[in-house]
Amino acid sequence: MRKVRFEPDRVIVEVALKRRRLICPECGYSTRARKDTRPEDSVWRHLDLGVWRLEVHCRRRRLWCPVHDAVTEGVPFARPKSEFTRDFECLVAWLAAKADRTTIKRMLRIDWDTIGRIVKRVCDDELDPGRLDDLYDIGVDEVSWKRQHKYLTLVVDHQRRQVVWGCEGSAAAAADEFFDELDPPPHDIAAPEHAKRPREASEPAIMVPFGPCPTVPAGHGIPGGWLQPGLEIEPAIFARAGLLRAVSMDMGPGYAKSVREHAPQAIVCIDPYHVVQLANKALDEVRRAYWNELRSLGDQDTAKRFKDARWSLLKKPENLTDKQATTLARLKAAGGEVWRAYTLKEAARGIFEHGLTIDDVTVLIERLLSRLARCRLTPLVKLGKTIRKHRDGILAAIRLGINQGRTEALNNKVRLITRRAYGFHSANAALALVLLTCGPITLHLPHELHKLGTG
């Protein structure tokens, strides 16, 4: 530190770097050679000193980096291309995970866009680069982050209970993007320099991993040696996607299609919650059809009473209020299509009660499918066809004990984050805050970082 200067609304601390080697802030390249010195000081906003704004000023040098050309040297107390110190950004990131942006804006005297950029910068810097290693059981689901059907696809590691990856979009395209990052396509992997020209008396070679691994079609492996044009071999590569054992998801076709294409050995697990959800929707369709029939007959009073019975039908029997239980008893006494649909819904829910073995569930599903096929209620017949189509995935989820419960819990947290932030202007801003809050990032306050010796 060279000197401290006090002004009416701020405190300015002038510092100088003691090290002799200049370091590229992007790649860490270091050299003693200096290109020149910047004519003006670089300025970083630091933690406020009471009511005064605290700024750090430093005259920096420039160097020639073999990768990034002419760049200004990096400093240990700030991230590259940032106008704030690491301590200030840590405080902003911690507050972003706890409070809304308006509160942060007023407290730290920065604008909305600055908060978003800081969150993105901290997320990129602190996110574990090895978070996609050793993935075995994962969950894939989508969550809306804005109106007009804008979605984020999130991948959750069931073992670590964290969101490890995300992108904008949904269905197969988003899942394909995840697998491309998990195992980049071979054409994105540059061949080594020595493999660009033939060698005398050399044999075609391939990259062989340690241990068992999946075999991929010819022409899709990692180039491990020189091959003449037109020749193909069937290589074996060690793929991270080949480690996946189970992938939980809903009944949408997009994610399942991508998993079968990129990780055919993984078991697709269909969450039982979505089966019960579909059963509730089918029951509600039958109820609405009967309600519309009553209205068309001119019996408005009965139709109104029946409309109020919706929650009596959809809620669990043990959660009904006294009034709802009385309404359900009247519906049972009346019988008809609505009551038959209710009994089938309860049969679907009862399949997934605790304490049942996989053999019990298998028998109960077969009985339910038989009843649904013969019920002559169109929504329930359609439900039966859907359950039959995903029968193996449903049984796999029960057998392995893997479902979307944790994923849905994290999705609820994500929805809370987006509501608290009062919306996002871009998917990247929303995703950065999601990973900051639910991902493999441990947030610390500035004094905690210095206490740990990492600040």
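Quick notes on the rules
- Residues numbered from 1 in each chain as written.
- Predicted model: local features only at pLDDT ≥ 70, side-chain atom pairs only at ≥ 80, totals over all residues.
- Heavy atoms only, no water.
- Buried < 20%, exposed > 50% of the residue type's maximum accessible area, 1.4 Å probe, protein only.
- Helix = DSSP H or I, 4+ residues; strand = E, 2+ residues; numbered from the N terminus.
- Pairing = 2+ DSSP bridges.
- Right-handed = clockwise from strand over helix to strand, strands pointing away.
- Contact = heavy atoms within 4.5 Å.
- Patch = residues over 30% accessible without salt bridge, like charges linked within 9 Å, V, L, I, M, F, W, Y side chains within 5 Å.
- Areas by Shrake-Rupley, 256 points an atom, 1.4 Å probe, with all protein chains shown as cover.
- Salt bridge = Lys/Arg side-chain N within 4 Å of Asp/Glu carboxyl O.
- 1 Å grid on protein atoms, 1.4 Å probe; cavity = no way out; pocket = protein on both sides within 12 Å on 5 of 7 lines; lining within 4 Å.
- Points joined across faces, edges and corners; volume = space filled by probe spheres on them.
- Nonpolar A, V, L, I, M, F, W, Y, C, P; charged D, E, K, R; others polar.
- Expected span 1.5 Å × (residues − 1).
- Arc of directions from axis to C-beta.

Caption draft 1: Layout of the pairing of strand 13 (residues 246–249). Of the two faces of strand 13, the one carrying Ala246 and Ser248 and the one carrying Val247 and Met249 are both buried. With four bridges connecting them, strand 13 and strand 14 (residues 267–270) associate as parallel partners. The residue of strand 14 that forms the bridge with Val247 is Val268. Taking the sense of rotation as the criterion, the β-α-β connection linking strand 13, helix 5 (residues 253–262) and strand 14 turns out right-handed.

Caption draft 2: Region of the structure containing the pairing of strand 1 (residues 3–6). Bridge count between strand 1 and strand 2 (residues 10–15): four bridges; the pairing is antiparallel. Note that in strand 2 the partner of Lys3 across the bridge is Glu14. Hairpin remark: strand 1 followed by strand 2, antiparallel, with three residues in the connecting loop.

Caption draft 3: Highlighting the environment of Phe77. On the secondary structure map, Phe77 appears in the loop between strand 9 (69–72) and helix 1 (86–96). For the pair Phe77 and Asp87, spaced ten residues apart in sequence, the C-alpha to C-alpha distance is 7.9 Å. In this structure Phe77 touches Val15, Trp44, Val56, Thr85 and Arg86, once residues within four positions along its chain are discounted.

Caption draft 4: Examining the sheet that holds strand 5 (residues 36–37) more closely. Spatially, the three strands line up as an open sheet ordered 5-8-9, and their pairing is antiparallel. Sheet topology places strand 5 and strand 9 at the edges, where each strand pairs with a single neighbour.

Caption draft 5: Region of interest: a nonpolar patch on the surface. Residues Met1, Val4 and Phe6 make up a contiguous nonpolar surface patch of about 370 Å² in total accessible area. On the basis of relative accessibility, which here comes to 69%, the residue Met1 falls in the exposed class.

Caption draft 6: Expanded view of empty space enclosed by the protein. Per the stated rule, a full pass over the model turns up two cavities of 30 Å³ or more. Volume-wise, the second largest cavity comes out at about 40 Å³. Forming the boundary of the second largest cavity are Ile138, Val140, Thr153, Val155, Trp165, Ala174, Ala175, Phe178 and Phe179. Residue assignment for the lining of the second largest cavity shows that the elements contributing at least two residues are strand 10 (137–146), strand 11 (150–157) and helix 4 (171–182). Per element, the largest residue contribution to the lining of the second largest cavity is four residues, and it comes from helix 4. Looking at side-chain class alone, the lining of the second largest cavity contains eight nonpolar, one polar and no charged residues.

Caption draft 7: Spatial organisation of unusual backbone geometry. Notably, Asp134 is not glycine yet its phi reads approximately 60 degrees, a positive angle. Relative to the elements of secondary structure, Asp134 occurs in the loop between helix 3 (112–126) and strand 10. Judged by relative accessible area, which is 47%, Asp134 ranks as partly exposed. The backbone of Arg161 shows a phi angle near 60 degrees, a positive value even though the residue is not glycine. Counting through the fold element by element, Arg161 comes out in the loop between strand 11 and strand 12 (162–168).

Caption draft 8: Quick look at the layout of surface pockets. In this structure, the largest pocket spans a volume of roughly 870 Å³. Along the walls of the largest pocket sit 29 residues, with Pro272, Tyr273, Val276, Lys316 and Arg349 positioned nearest its centre. Where the lining of the largest pocket is concerned, the elements lending two or more residues are helix 6 (272–296), helix 8 (310–314), helix 10 (336–350), helix 13 (391–400) and helix 14 (405–420). Of all the elements, helix 6 adds the most residues to the lining of the largest pocket, at seven residues. Tallied by class, the residues present in the lining of the largest pocket amount to eleven nonpolar, eight polar and ten charged.

Caption draft 9: Here's a closer look at helix 9 (residues 322–334). Compared with an ideal rise of 1.5 Å per residue, which puts 13 residues at 18 Å, helix 9 spans 19 Å between its outermost C-alpha atoms and is within 8% of the ideal. Those residues of helix 9 lying buried are Gln324, Thr327, Leu328 and Leu331. Buried residues along helix 9 cover an arc of 100 degrees about the axis, so they all sit on one side. In helix 9, the exposed positions that point more than 90 degrees away from the buried face belong to Asp322, Lys332 and Ala333. Looking at the residues trailing helix 9, positive phi occurs at Gly335, about 70 degrees.

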